[in-house]
Amino acid sequence: MTDLFSFAHADALDAADPLRGLRDEFLIPKHEGHDQAYFCGNSLGLQPRGARTHVEEVLTKWAMEAVEGHFTGQAQWMPYHELVREPLARVVGALPSEVVAMNTLTVNLHLMMVSFYRPTRERPAILIEAGAFPSDRHAVASQVHFHGFNPETDLIELEADEPNGTISMAAIERAIAQHGHRLALVLWPGVQYRTGQAFDLREIARLAHAQGAVCGFDLAHGVGNLQLDLHDSDADFAVWCHYKYMNSGPGAVAGCFVHDRHANTDRPRFAGWWGHDVSTRFRMGPQFIPTAGADGWQLSNPPILGLAPLRASLELYDRIGMQALRERSRRLTGYLEKLINARLGETLQIVTPADPSQRGCQLSLRVAGGREQGRALFEHLARHGVLGDWREPDVIRISPAPLYNTHNDVLRFAQAVENWRHG
């Protein structure tokens, strides 16, 4: 009989994994001279080995060519953001013209709401999930207030209706139907950051549009984690960051999706020179003529040093493909779930849905005994080279990222929990 808690078993699973060599593409932090078991890809992904090459290429070009670097060589700075356009579109399931890497997530969210949150006295409301990431809530509340409406009545926060704090599709459908006549925007996460629950983007967009509302998604925890089909989801827009599963470094340049049907929209927007039509940009005229597609929402020239690590990450995603990575993710997270259910069920409660279609690689865990015990376990794990992620008030998030985590890492987590329980 197979011993799930045997390192021989975990190592055999890793040896049979067709993507077993991926870990070597990353720099793994050390703990007491050994590789850390790192499960924080949902906060900050690890550094791809290729990132340094791309950054140093930019630095060398800057040193040797200065301003001429905008126009010379294969990685010219003037169209540098175009180098990530097509591979990024493949990661998120979009047309190349629908995506752009720019700014940071919350800046992009505000820029999208300038265009797509157009409240009226009859339709002033935004629907989000209760317990949304604070940056999202701050952004939408401030937009409601900016337009002269009241967040206390016009920011609708849907409470969880399931025992572990997750939200059923039935509850989302009821909320959109109930408030539909007042909704200007449905803004929903691809993956809820605290619970790890993944949602059906296509169905949420359908429900919102049926009520006459715009639909946008925050995919901070979805991009590089789930197999997305943004174009076919029919979402109006989406925003995300690249420092989590996309492994592009702290504070990395973010991403944005604008559906092709809005490519030439007359919706208002905050304009900047870099969003101006590229063929006439350098005529320096006073009239703003937006570039068609997502590029038309750009404000300033892109940060080249910030984009360079994203190129390294996207090379890996392009080489492997999201389908293969998603399959590996299901294997790793499934193994984590089996270990918990086999021997750790009295210690850990899995908050994240058991259905693999309703989660990515993250399992959110509550520790028996409440917050104090949860913090004690979290700190025990860190002391033993197993790094998870704590989210108030009482959740430990463990995220086996398919690009660099292994079954051996997952077992190290489970054994550390078991040692703590018996310690």
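Above this text is the structure in question.
Cut-offs and rules
Residues numbered from 1 in each chain as written. Predicted model: local features only at pLDDT ≥ 70, side-chain atom pairs only at ≥ 80, totals over all residues. Heavy atoms only, no water. Pairing = 2+ DSSP bridges. Helix = DSSP H or I, 4+ residues; strand = E, 2+ residues; numbered from the N terminus. Axes fitted to C-alpha atoms, helices over the stretch in contact; angles between N-to-C directions. Contact = heavy atoms within 4.5 Å. Buried < 20%, exposed > 50% of the residue type's maximum accessible area, 1.4 Å probe, protein only.

(A) Main features of the sheet that holds strand 8 (residues 155–158). The mixed open sheet is built from 7 strands, whose spatial order is 6-12-11-10-9-7-8. The open sheet is flanked by strand 6 (99–101) and strand 8, the only strands paired with a single partner. Along the sheet, successive strands turn relative to each other by an average axial angle of 20 degrees, direction set aside. Pairing analysis gives 3 bridges linking strand 7 (residues 125–129) to strand 9 (residues 183–189), with the strands arranged parallel. Of the residues in strand 9, the one forming a bridge with I126 is L185. Contacts from helix 3 (residues 85–92) reach strand 6 and strand 11 (237–240), with the element oriented near 120 degrees to strand 6.

(B) Here's a closer look at the pairing of strand 11. Burial along strand 11 is two-sided: F237 and V239 facing one way and A238 and W240 facing the other are all buried. Two elements, strand 10 (residues 214–218) and strand 11, share 3 bridges in a ladder whose sense is parallel. Residue pairing across strands places G216 opposite F237, the latter belonging to strand 11. Note: strand 11 against strand 12 (residues 255–258), 4 bridges, orientation antiparallel. Its bridge partner lying in strand 12, W240 is registered against G255.

(C) Local environment of the environment of V114. In this structure, V114 sits in helix 4 (residues 105–116). Accessibility expressed as a relative area gives 10% for V114, which makes it buried. Sequence separation of V114 and A263 is 149 residues, and the distance between their C-alpha atoms is 16 Å. Dropping the residues within four chain positions of it, V114 is found in contact with P268, R269 and F270.

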